Amino acid sequence: MKETLYLTNDLAIVNYSAGYAQNGDMLLNSTTFSNYVHNYIDYLKDTHEDLYYFALNGKTPREATTEILRLFRMMRVFKVDEIESQYLNDKKRLLEFVEEMYNFWKKHQRFAVISVGEGNALQDMSFVSADSSFNLLILSLYRSIEEQIMGRKNKVYRQLQSGTNAAISVRKNKTKLSAKYDKLKDIEFINSVMLRTPMLLHPKSNKRTGMFEEIDTNPIEEFTGTPDEWFCYPCKIGTLLAFIYFHRDFISSAVSLANLFELANEDECSKKPDMIVLFGNEDGKDQTTFHYDKEEDVWVGCVSYNERVEYFGYLKKMSLTLHNVRKMQKGWLPIHGAFVEITLKNGKRKNIMLMGDSGAGKSESIEALKNVGKDIIKDIVVVFDDMGTIHLEDGVPFGQGTEIGAFIRLDDLDPGTPYRDMDRSIFMNPESSNNARVITPAAPYEIVATNHRIDLFAYANNYDDKNGLHRFDDMADAIATCKEGKRMAKGTTQEVGISTTYFANPFGPMQQEEICEPLIHEMFDAMQKNGVFVGEIYTHLGLDKENREGINVAAKELLNFIEKD
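Bear in mind the structure is a predicted one, so any value in this text is a computation, not a measurement.

### A word on the environment of T4
At step 1: Within the secondary structure layout, T4 lies in the segment before strand 1 (5–7).
At step 2: Look at T4 and you get partly exposed, because its relative accessible area is 21%.
At step 3: Sequence separation of T4 and I366 is 362 residues, and the distance between their C-alpha atoms is 46 Å.
At step 4: Discounting chain neighbours no more than four positions away, the residues touching T4 are I13, V14, N15, A18, G19 and T32.

### Digging into the sheet that holds strand 21 (residues 437–441)
At step 1: The strand order across the open sheet built from four strands is 6-20-21-19, with neighbouring strands paired in mixed fashion. With partners counted over all chains shown, the strands left at the sheet margins are strand 6 (199–201) and strand 19 (405–409), one partner each. The mean angle between the axes of side-by-side strands here comes to 20°, regardless of whether they run parallel or antiparallel.
At step 2: Relative to strand 20 (residues 426–428), strand 6 runs parallel, the two sharing three bridges. Residue L201 lies in a different strand from strand 20, and its bridge partner there is M428.

### Considering the state of the cysteines
At step 1: Scanning all chains against the criterion turns up zero disulfides.
At step 2: Cysteine C269 shares no disulfide, and the gap to the nearest cysteine sulfur, in C232, comes to 7.1 Å.
At step 3: Overall, C269 belongs to the buried group, its relative accessible area being 0%.

### Section: the packing of aromatic side chains
Aromatic rings considered in pairs are described by the distance between their centres and by the relative angle of their planes.
At step 1: One pass over the structure, following the stated rule, counts 26 aromatic pairs.
At step 2: Three or more aromatic residues link up through ring pairs in this structure, and these residues are F33, Y36, Y40, Y43, F97, F104 and W105.
At step 3: The ring centre of Y6 lies 3.6 Å from the NZ or CZ of R248, which sits over that ring.
At step 4: Lying across the ring of F407, R437 places its NZ or CZ 4.5 Å from the centre.

### Topic: the packing of helix 2 (residues 31–47) against helix 5 (residues 91–106)
At step 1: Between helix 2 and helix 5, the least distance of the axes is 10 Å, while the angle of their chain directions is 100°. With respect to helix 5, the axis of helix 2 lies roughly perpendicular. When helix 2 is examined against helix 5, the residues F33, Y36, V37, N39, Y40, I41, Y43 and L44 are found in contact with a partner set consisting of F97, E100, M101, F104 and W105.
At step 2: Of the residues belonging to the contact of helix 2 with helix 5, the class tally is eleven nonpolar, one polar and one charged.

### Let's talk about the nonpolar core
At step 1: Counting 79 residues, the largest nonpolar core has F457, F503 and F524 as its most contacted members.
At step 2: The element contributing the most residues to this core is helix 9 (residues 312–329), with eight residues.

### Description of the pairing of strand 21
At step 1: The element strand 21 is extensively covered by neighbouring structure, given that four of its five residues are classed as buried.
At step 2: Pairing analysis gives three bridges linking strand 20 to strand 21, with the strands arranged antiparallel. Bridge pairing links F427 to V438 in strand 21.

### Some thoughts on the pattern of salt bridges
At step 1: A complete count under the given rule lists 22 salt bridges for this structure.
At step 2: One salt bridge connects E147 with K153, and the closest N-O pair in it is separated by 3.5 Å.
At step 3: Of the residues examined, K153 reaches a relative accessible area of 59% and is grouped as exposed.
At step 4: Salt bridges here are not isolated pairs; linked through shared partners, they connect K316, K317, D386 and E403.

### Comments concerning a negative patch on the surface
At step 1: A cluster of acidic residues, E214, D216, E513 and E514, forms a negative patch at the surface.
At step 2: Mapped onto the fold, E513 is located in helix 14 (residues 513–529).

### A few points about the packing of helix 2 against helix 3 (residues 49–56)
At step 1: Following both chains from N to C, one finds helix 2 and helix 3 inclined at 140°, their axes separated by 6 Å at the closest point. In terms of orientation, helix 2 lies oblique with respect to helix 3. The two elements helix 2 and helix 3 meet at a crossing, and its hand is left-handed. Residues Y40, I41, L44, K45 and T47 of helix 2 form the contact with helix 3, whose participating residues are E49, L51, Y52, A55 and L56.

### What to know about helix 2
At step 1: With 17 residues, helix 2 ought to run about 24 Å at 1.5 Å a step, and its terminal C-alpha atoms sit 24 Å apart, in line with that.
At step 2: Those residues of helix 2 that sit buried are F33, S34, Y36, V37, H38, Y40, I41 and L44.
At step 3: Looking at the buried positions of helix 2, the neighbouring elements they touch are strand 1, helix 1 (24–28), helix 3, helix 4 (61–75) and helix 5.

### What about the side chain of R437?
At step 1: Relative to the assigned elements, R437 resides in strand 21.
At step 2: The buried category is assigned to R437, whose relative accessible area is 10%.
At step 3: Looking at R437, its side chain comes within polar contact range of the side chain of N435, at 3.0 Å.

### A few points about the pairing of strand 14 (residues 333–344)
At step 1: Most of strand 14 is tucked away: twelve of the twelve residues are buried.
At step 2: Taking every second residue as pointing to the same face, both faces of strand 14 are buried, with L333, I335, G337, F339, E341 and T343 on one and P334, H336, A338, V340, I342 and L344 on the other.
At step 3: Of the strand pairs in this sheet, strand 14 and strand 17 (residues 387–393) are connected by four bridges, and their pairing is antiparallel. Counterpart to P334 in the pairing with strand 17 is T389.
At step 4: Two strands pair when backbone bridges link them, and strand 14 and strand 15 (residues 349–355) are joined in this way by seven bridges, in the antiparallel orientation. By the bridge assignment, E341 is partnered in strand 15 with N351.

### Overview of the environment of L541
At step 1: With respect to the helices and strands, L541 occurs in the loop between strand 27 (533–538) and helix 15 (549–563).
At step 2: Judged by its relative accessible area of 2%, L541 is buried.
At step 3: In this structure, the C-alpha to C-alpha distance between L541 and I145, residues 396 residues apart in sequence, is 53 Å.

### Quick look at unusual backbone geometry
At step 1: Omega for the peptide link from T197 to P198 comes to -5°, which places this bond in the cis form.
At step 2: Residue placement: P198 occurs in the loop between strand 5 (188–195) and strand 6.
At step 3: The phi torsion at D286 lies on the positive side, around 55°, for a residue other than glycine.
At step 4: Along the polypeptide, D286 turns up in the loop between strand 11 (275–281) and strand 12 (288–293).

### Quick look at helix 10 (residues 362–372)
At step 1: Within helix 10, eight of the eleven residues are buried, which leaves the element mostly enclosed by the surrounding structure.
At step 2: Taken together, the buried positions of helix 10 are K362, S363, E364, S365, I366, E367, A368 and L369.

Conventions we followed
- Residues take numbers from 1 onward in each chain, read along the sequence in its written order.
- Local features in a predicted model are, by the rule used here, given only for residues with pLDDT of at least 70; side-chain atom pairs are given and counted only at 80 or more, and totals for whole chains, interfaces and linings are based on all residues.
- The side-chain figures draw on all heavy atoms in the structure; neither hydrogens nor water molecules are used.
- By definition, any uninterrupted DSSP run of H or I lasting at least four residues is a helix, any uninterrupted run of E lasting at least two residues is a strand, and each is numbered from the N terminus.
- Burial classes follow relative accessibility: with a 1.4 Å probe on protein chains only, a residue under 20% of its type's maximum area counts as buried, one over 50% as exposed, and anything between as partly exposed.
- By definition in these notes, contact holds between two residues if any of their heavy atoms fall within 4.5 Å.
- Strand pairing follows a simple DSSP-based rule, namely that at least 2 bridges must link the two strands.
- Angles here are taken between N-to-C directions and fall from 0 to 180 degrees, while the axes themselves are lines fitted to C-alpha atoms, restricted in helices to the stretch in contact.
- Here, a disulfide means two cysteine sulfur atoms that sit within 2.5 Å of each other.
- Put simply, two rings from Phe, Tyr or Trp (the six-membered ring, in Trp's case) pair if the centres are within 6.5 Å, and we call them stacked under 30 degrees between planes, edge-to-face over 60, tilted for the rest.
- Whether a charge sits over a ring depends on NZ of Lys or CZ of Arg being within 6 Å of the ring centre and within 35 degrees of the ring normal.
- Any angle between 65 and 115 degrees counts as roughly perpendicular, while under 35 counts as roughly parallel, over 145 as roughly antiparallel, and the rest as oblique.
- Under the scheme applied, nonpolar residues are Ala, Val, Leu, Ile, Met, Phe, Trp, Tyr, Cys and Pro; charged residues are Asp, Glu, Lys and Arg; polar residues are all the others, including Gly.
- Grouping buried Ala, Val, Leu, Ile, Met, Phe, Trp, Tyr and Cys residues that are joined through side-chain atoms within 4.5 Å yields what is termed a nonpolar core.
- Only one rule defines a salt bridge in this text: a Lys or Arg side-chain nitrogen within 4 Å of an Asp or Glu carboxyl oxygen.
- Note on patches: the residues involved have over 30% relative accessible area and no salt bridge, like charges join within 9 Å, and the nonpolar side chains Val, Leu, Ile, Met, Phe, Trp and Tyr join within 5 Å.
- Per-residue and other accessible areas follow the Shrake-Rupley method at a 1.4 Å probe size, with only the shown protein chains counted as cover for residues.
- Charge counting follows a simple rule: Lys and Arg are positive, Asp and Glu are negative, and His as well as the terminal groups are ignored.
- For the purpose of locating charges, the reference atoms are NZ of Lys, CZ of Arg, CG of Asp and CD of Glu.
- A clockwise turn of the near helix away from the far one marks a right-handed crossing, whereas an anticlockwise turn of less than a right angle marks a left-handed crossing.
- By definition here, a helix of n residues has an expected span of 1.5 Å times n minus one.
- Residues adjacent in sequence count toward polar contacts only when both atoms are side-chain atoms; beyond that, a polar contact is any pair of N or O atoms within 3.5 Å, and within protein one must be able to donate a hydrogen and the other to accept it.

The values are spatial; any link to function lies outside them.
Here is the structure:
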């Protein structure tokens, strides 16, 4: 990225490597801040006409910008009554202008980037310290100008996130990809991430539409990105290495991955990835596709540039789709569900795996279990909360996870749940009544990527009015129920009402049924031989999400199972 400040209607990215103001005077004298004020005045033309003409004061926008910045610089030296300026003839309006200029900055999703190892002015300064100083600089500059105009100190000080919402350090990276992927070689890799949590994001889209389609051509052939506009989030999804390349317009989604997928280190990034994601490719196709490059033995996914893909589910699910098809190649069965290790205060421990499509009640059942068992449960370890796998070792089925966090619907949780870990969480459109979400850390990577035996496997049924927990007498019935993937859709995608998805998993198994089918039979046969409880849990969430009685009954029966020897 070359610009010092990249500014759109709702996104701001500050490039500390291109220029960094160490104090208010440097900021007020910078071309970057001048351009920002000019953009703000243009913004007022359509949003606040009175302030717009106050700012112009008979001048052009560029001339007005120069005069206003001159006034601000003088305020750093002189008292207001010692300064001559037409803007000071109406201090009330000037104060409003300054406050709206501050609000204009805050209405953007704000990020900072710094390149490491390039000999820039901040090469010896921690990017976290640099960003914290920038946050304090913006806040103190705003307050000093505000208090000068008012002629008094503030009575109440609120320490807001005035600088950025998050910051990243990036570096050059040499990969083991062939010349076929040379278009990607100069794109910088994220080295570290700093999140100011709780972080509130407001993506334009609130749900995912369409399906991920496997294609015969490699998306890299139509990749249009440049190193000036793209970054890479390298991460570990389960035990697999993923290079997630993204257009900077989607930096809010990419940075949010820090709460979901373990960031890979420099040594890990020197290896060839198992999968590559190209997110926000300006190919004009409006597609979500993936492809297997046999020559390189790498899966490549591509999401076309579109405002709707701001919804985090696009980035998350494309990444997990590639994970799942890779794992099926290796003989592992992807599970769309939740898997937790429950330890009671009396020492008993059971591993519970629930399966089901979006909105079936997997995460909600775990939350209900926490509540009904709060007096006897000592600890709950989350192995996965959306996507995991089952594989065999010496005939024994084990479960592993993919994510170190959880991407959860707010209205599916008990009112207090989202706030327990809010100091570490990322909220997306929390004010919305339609699919508001939170991304919260769930488990250390060492737990996610470790083998865990399975004691109970249950399909989450949100559409039947039956109660509790039911065990399948015939494994063929269990397989049939899971393969049908039936659920009552709840609005997280374009589906409504009763729908079915092969194996309740549209992220790999549905696209590759012929590969997934024998794995299902192999894993269910192994669970039966190893005495795993295979059943169905009735959550009722598709019938009435406000009525928690059904899911509480199911949670109590889960707790009874755990308490048994």
